Amino acid sequence: MSTARECVCCAEIPEVVAKIAEAHMTNVKCITDHPGMQAVCLDPWGLQVAWFAYRQQYRGNAFEGPMHAKYRHIAYRQLVRWCFGYLGRDTRVVLPACAVSCIRAHFPPQNEEPCLFKGFQPAAHQQLPHLN
């Protein structure tokens, strides 16, 4: 991750820790090992359905780009919805670095020059607590 704010472990985010605990498995220490991660954030078929719902909701304002970029975008949205629930318009949260890396590894840029990821961008009006 490119900034200190983005270098957050899933064990440091209470909502993600609670999601990990739902797995009821003592060997799950990271959200990327949670059995739901594949189905919710990495399965292309599930992401296609989520993409259609997103596109219907946002119409002309929906993110557009190559399929792997759409999958990354939707996978991040799915992760937020899965761990945090509905946040509301223009509310942003920092995602765990392990999950972001996992999603990027599953849906890397293809046939392009090296991709520069944008990283975390708070909404214009959003005040975020400083992470130590």
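Structural notes, computed from the coordinates. (Residues numbered from 1 in each chain as written. Predicted model: local features only at pLDDT ≥ 70, side-chain atom pairs only at ≥ 80, totals over all residues. Heavy atoms only, no water.)

Moving on, we come to the overall build of the chain. For the chain, the helix and strand inventory stands at five helices and zero strands. Out of the 132 residues belonging to the chain, those deemed buried represent 36%. For the chain, the share of sequence-separated contacts (at least 6 apart) that also reach a separation of at least 24 residues comes to 64%. Carbon and sulfur atoms provide 54% of the accessible area of the chain, an area that totals close to 8,600 Å². (Helix = DSSP H or I, 4+ residues; strand = E, 2+ residues; numbered from the N terminus. Buried < 20%, exposed > 50% of the residue type's maximum accessible area, 1.4 Å probe, protein only. Contact = heavy atoms within 4.5 Å. Areas by Shrake-Rupley, 256 points an atom, 1.4 Å probe, with all protein chains shown as cover.)

Another aspect to go through is the packing of aromatic side chains. Tallied over the entire structure, the rule returns two aromatic pairs. Measuring from centroid to centroid gives 5.3 Å for Trp 51 and Tyr 54, while their planes differ by 45°, and the two rings are tilted. On the criterion of helical spacing, the pair formed by Trp 51 and Tyr 54 is a turn pair, its members being three residues apart in helix α3 (residues 44-58). With respect to burial, Trp 51 and Tyr 54 carry one shared label: buried. (Phe/Tyr/Trp six-rings, centres within 6.5 Å; stacked < 30°, edge-to-face > 60°.)

Below, the discussion takes up the packing of α3 against helix α4 (residues 67-84). Where α3 meets α4, the axes come as close as 9 Å, and the angle between the chain directions of the two elements is 85°. Taken together, the axes of α3 and α4 are roughly perpendicular relative to one another. Contacts between α3 and α4 involve Pro 44, Leu 47, Gln 48, Ala 50, Trp 51, Tyr 54, Gln 57 and Tyr 58 on the former and, on the latter, Lys 70, Tyr 71, His 73, Ile 74, Ala 75, Arg 77 and Gln 78. When grouped by side-chain class, the residues that make up the contact of α3 with α4 number nine nonpolar, four polar and two charged. (Axes fitted to C-alpha atoms, helices over the stretch in contact; angles between N-to-C directions. Parallel < 35°, antiparallel > 145°, perpendicular 65-115°, else oblique. Nonpolar A, V, L, I, M, F, W, Y, C, P; charged D, E, K, R; others polar.)

Should the charged atoms of two oppositely charged side chains come close, the side chains can pair. Under the counting rule described, the total for this entry stands at one salt bridge. A salt bridge links Glu 22 to Lys 19; the shortest N-O distance between them is 3.1 Å. According to the relative accessible area criterion, Lys 19 is buried, its value standing at 10%. (Salt bridge = Lys/Arg side-chain N within 4 Å of Asp/Glu carboxyl O.)

Time to look at the nonpolar core. By size, the foremost hydrophobic cluster in this structure holds 33 residues, and its most contacted members are Val 16, Ile 31, Met 37 and Leu 79. Listing elements by their share of this core, those giving two or more residues are α1 (14-21), α2 (35-42), α3, α4 and α5 (97-106). The contacts of Leu 79, once residues within four sequence positions are left out, are Met 37, Cys 41, Leu 95, Pro 96 and Ala 99. (Core = buried A, V, L, I, M, F, W, Y, C linked by side-chain atoms within 4.5 Å.)

What follows is about α2. Along α2, the residues classified as buried are Gly 36, Met 37, Cys 41 and Leu 42. Seen along its axis, α2 keeps its buried residues to an arc of 160°; they face one direction. In this fold, the buried residues of α2 make contact with α3, α4 and α5. (Arc of directions from axis to C-beta.)

This paragraph deals with α5. Burial in α5 covers these residues: Ala 97, Ala 99, Val 100, Cys 102, Ile 103 and Arg 104. On its buried face, α5 sits against α2 and α4.

What follows is about the packing of α2 against α5. Axes are the key here: two packed helices are described by the angle between their axes and the distance separating the axes. For the pair α2 and α5, the least separation of the axes is 12 Å and the interaxial angle reads 55°. Between α2 and α5, the angle falls in the class oblique. Here the hand of the crossing between α2 and α5 comes out right-handed. Residues Met 37, Gln 38 and Leu 42 of α2 pack against Ala 99, Cys 102, Ile 103 and His 106 of α5. Looking at the contact of α2 with α5 residue by residue, the classes come out as five nonpolar, two polar and no charged. (Left-handed = near helix turned anticlockwise from the far one by under 90°.)

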